[in-house]
Amino acid sequence: MADTFDLLLTGGTVLNPVTGVNRKLDVGVAEGRVTAILADLPRANANKVLDVAGCYVTPGLIDFHVHSYWGVNPYGCNLDALCLATGVTTTMDAGSAGPVNFLGFRNLVSESSKTRMLGFVALAQHGVLNEPGELLNLGFADSDGAAQTVGDNRDIGVGIKVRLHRKSIGENSRAALRLAIKAGEATRTPTMVHVGDTAISMSEIADTLRPGDIITHCYTPQKPSIIDETGKLLTEVRKAKERGVIFDVGHAGGHFDFDLVRRAMGDGLLPDVISSDLHGRLKQPGFGIVGDLPTTLTKFLALGLNLEEIIARCTINPARVIDWQDRIGSLEVGREADIAVLKITDEPTTLRDSVGGEWSVNQRIAAQWTIRQGELFKGKG
Ligand SMILES: [Zn+2]
């Protein structure tokens with residue numbers, strides 16, 4: 001029955017960038033799906049009524065770059081509980097698994113997590129490694145195997161990942177980039193490229209990528225950068241942006257510099273996707289300067305994006321990059337009930353970047369509740 005709900009969210013502001021909705025509406029959930037989005041839905045037939053006045057009710061957040069292959073990959077960590085405490089209902093693992101061990105990612109991570117955990121398949125046959133890096137020996141690159149793995153796992157394998165920094169790959173970046181794109185072409189999926197300390201120039205990387213391919217760590221302070229010494233965007237980067245190459249934040253410990261972000265955004269390079277790059281080698285308590293996805297989003301609030309612009313960058317935008325926009329990234333009747341309940345709280349907060357920068361702000365984005373497939377989880381606030 002249309003007016004019988006397992007869960008009813010009342011009094012919140014529904015904010016859904018893809019449909020342009022931004023107003024007070026109730027949201028009804030039944031049998032794991034969104035069944036109504038209307039003003040003043042009847043309370044009487046709801047199993048549970050949750051008053052979310054003062055909060056924003058958004059599509060479940062998508063963290064487009066994490067490392068969740070815990071217990072197997074050196075960067076992996078168990079992120080399920082943190083996701084469900086921070087409004088995140090879908091994550092993309094960024095290449096922790098390659099052709100030889102993606103089945104383990106499916107069994108150990110994707111199928112055993114409440115959070116929907118998808119993955120980019122590494123070009124390196126065993127996934128990304130720490131030291132020695134995964135493609136110092138290019139013999140470990142397996143373009144055909146990566147393509148086959150995506151083809152065999154279309155329900156969770158969403159693209160190809162390659163890291164181009166010297167520690168991972170030495171001087172093999174040009175050859176590896178081409179092999180990764182070849183796998184992307186074969187599977188009609190995007191290739192995600194890790195930049196920072198690369199042996200080839202940012203201009204060459206930007207020029208080589210196809211529309212829809214992804215530059216992750218786009219604001220890294222490591223050279224070569226997307227901006228020149230005067231703070232202007234490189235011509236090839238601007239052209240890549242215009243062509244539809246995707247720029248993803250991929251914050252992590254080492255890839256965020258407030259000053260560089262300000263300059264790049266000031267010269268027109270807004271991120272397409274805002275992601276945390278949470279991983280298991282961020283040894284500081286609470287994942288150090290990254291914290292979580294809402295903390296990363298708060299940085300962009302401070303940098304001048306409004307909440308609607310921010311939410312688009314962690315819902316519908318990443319969904320579109322992997323061509324999943326019909327499944328995730330929007331809050332609509334009939335869809336799986338993946339929902340975030342967020343609040344902008346007025347409280348002093350210190351934000352930190354990768355080069356020692358600190359920024360005291362008076363507002364932050366706080367996750368109050370997460371609903372995944374209709375199931376309710378308390379946010380960490
Ligand atoms: Zn990463």
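Worth saying up front: this structure is predicted, and the values here are computed from it rather than measured.

Some remarks on the nonpolar core
Next, step 1: The biggest cluster of nonpolar side chains holds 97 residues, and the ones touching the most others in it are L61, F64, L79, Y219, I226, V237 and F300.
Next, step 2: Residue contributions to this core reach at least three from each of two domains, namely domain 1 (5–58 + 332–344 + 364–378) and domain 2 (61–321).
Next, step 3: Beyond its immediate sequence surroundings of up to four residues, L61 is in contact with T86, G87, V88, T89, T90, L293, L297, I311, C314, T315, A340 and L342.
Next, step 4: One finds L7, V34, V341 and I371 within the second-largest nonpolar core, a separate group that totals 17 residues.

A word on the coordination of the zinc ion
Any two of four tetrahedral donors ideally make an angle of 109.5 degrees at the metal, while pairs among six octahedral donors ideally make 90 or 180 degrees.
Next, step 1: Protein coordination at the zinc ion comes from H65 (NE2), H67 (NE2) and D277 (OD), with a distance range of 2.0 to 2.4 Å.
Next, step 2: As a motif over one chain, the donors of the zinc ion read H-x1-H-x209-D.
Next, step 3: Using a relative accessible area of 4% as the deciding quantity, one classes H67 as buried.

Here we look at the sheet that holds strand β17 (residues 375–378)
Next, step 1: The strand order across the open sheet formed by six strands is β3-β2-β7-β15-β16-β17, and the pairing between neighbours is mixed. Each having just a single partner strand, β3 (21–24) and β17 make up the two edges of the open sheet. This sheet shows a mean twist of 30° between the axes of neighbouring strands, independent of strand direction.
Next, step 2: Direction of pairing for strand β2 (residues 13–16) relative to β3: antiparallel, over a ladder of four bridges. Each residue of the ladder has a partner; that of L15, found in β3, is N22.
Next, step 3: Across the sheet, helix α9 (residues 293–302) touches β15 (339–352) and β16 (358–372), and the angle it forms with β16 is around 135°.

Comments concerning the packing of helix α3 (residues 143–152) against helix α5 (residues 173–187)
Next, step 1: Running from N to C, α3 and α5 cross one another at 35°; their axes reach a closest spacing of 8 Å. α5 is crossed by α3, and the crossing has right-handed handedness. Residues S143, D144, A146, A147, V150 and G151 of α3 lie in contact with α5, whose contacting residues are L179, K182, A183, A186 and T187.
Next, step 2: Grouping the amino acids of the contact of α3 with α5 by side-chain chemistry returns six nonpolar, three polar and two charged.

Examining the pattern of salt bridges
Next, step 1: Within the structure shown, the criterion is met by 22 salt bridges.
Next, step 2: Among the ionic pairs, R43 bridges to D26, the shortest N-O distance being 3.0 Å. With a gap of 17 residues between them, R43 in the loop between β5 (33–38) and β6 (46–51) and D26 in strand β4 (residues 26–30) connect regions that are remote in the sequence.
Next, step 3: Relative accessible area serves as the criterion here: at 4%, D26 is assigned to the buried category.
Next, step 4: For R116, the salt bridge is made with D338, and the minimal N-O distance between the two is 2.8 Å. Taken as a pair, R116 in strand β10 (residues 116–122) and D338 in the loop between α11 (316–321) and β15 lie far apart in primary sequence, 222 residues in all.
Next, step 5: Its relative accessible area of 13% is what places R116 among the buried residues.
Next, step 6: Because the salt bridges share partners, they merge into one network encompassing R116, E336, D338 and R372.

A closer look at the side chain of N73
Next, step 1: Tracing the backbone through its elements, the reader meets N73 in the loop between β8 (61–66) and α1 (80–85).
Next, step 2: From its side chain, N73 meets the backbone oxygen of V128 in a polar contact 2.7 Å long.

What about the pairing of strand β12 (residues 191–194)?
Next, step 1: Burial along β12 is two-sided: T191 and V193 facing one way and M192 and H194 facing the other are all buried.
Next, step 2: One ladder, built from three bridges, connects β12 with strand β13 (residues 214–216); its direction is parallel. Paired with H194 across the bridge in β13 is T216.
Next, step 3: With respect to chirality, the unit in which β12 leads through helix α6 (residues 202–208) into the neighbouring parallel β13 is right-handed.

Structural notes on the confidence of the model for the chain
Next, step 1: For the chain, mean pLDDT is 97; residues scoring 70 or higher make up 99% of the total.
Next, step 2: Within the chain, the element-level pLDDT minimum falls on helix α4 (residues 166–169), averaging 96, and the maximum on strand β7 (residues 56–59), averaging 99.

Calculation rules
- Counting starts from 1 at the beginning of each chain's written sequence and moves along it residue by residue.
- Restriction of local features to residues with pLDDT of at least 70 applies here, the model being predicted, together with a cutoff of 80 or more for giving and counting side-chain atom pairs; totals for whole chains, interfaces and linings are based on all residues.
- Where side-chain values are given, they derive from all heavy atoms of the structure, hydrogens and water being excluded.
- Buried residues of nine kinds, namely Ala, Val, Leu, Ile, Met, Phe, Trp, Tyr and Cys, make up a nonpolar core once their side-chain atoms join them within 4.5 Å.
- Between buried and exposed lies partly exposed: a residue is buried under 20% and exposed over 50% of the maximum accessible area for its type, with that area taken using a 1.4 Å probe on protein chains only.
- Each domain span listed reflects an automatic or database assignment of domains.
- Whether two residues are in contact is decided by their heavy atoms: any pair within 4.5 Å suffices.
- For Na, K and Ca the donor cut-off is 3.2 Å, and for all other metals it is 2.8 Å, counting N, O and S atoms only; because water is absent from this set, sites may look incomplete.
- When DSSP finds two or more bridges between a pair of strands, those strands are recorded as paired.
- Helix and strand assignments follow DSSP, with helices taken as H or I runs no shorter than four residues and strands as E runs no shorter than two, numbered in order from the N terminus.
- Note on method: axes are straight lines fitted to C-alpha atoms, helices fitted across the in-contact stretch only, with angles between N-to-C directions ranging 0 to 180 degrees.
- Handedness of a crossing follows from how the near helix is turned relative to the far one, being left-handed for an anticlockwise turn of less than a right angle and right-handed for a clockwise one.
- Note that Gly is not counted as nonpolar here; it falls among the polar residues with everything else outside the nonpolar set of Ala, Val, Leu, Ile, Met, Phe, Trp, Tyr, Cys and Pro and the charged set of Asp, Glu, Lys and Arg.
- The salt bridge definition used is simple: a Lys or Arg side-chain nitrogen within 4 Å of an Asp or Glu carboxyl oxygen.
- We call two N or O atoms a polar contact when they sit within 3.5 Å, provided that within protein one can donate a hydrogen and the other can accept it, with sequence-adjacent residues counted only if both atoms are side-chain atoms.
- Here, the term right-handed applies to a crossover whose path from the first strand over the helix to the second runs clockwise when the strands point away from the viewer.
- Values of pLDDT, the confidence the predictor places in each residue, fall between 0 and 100.

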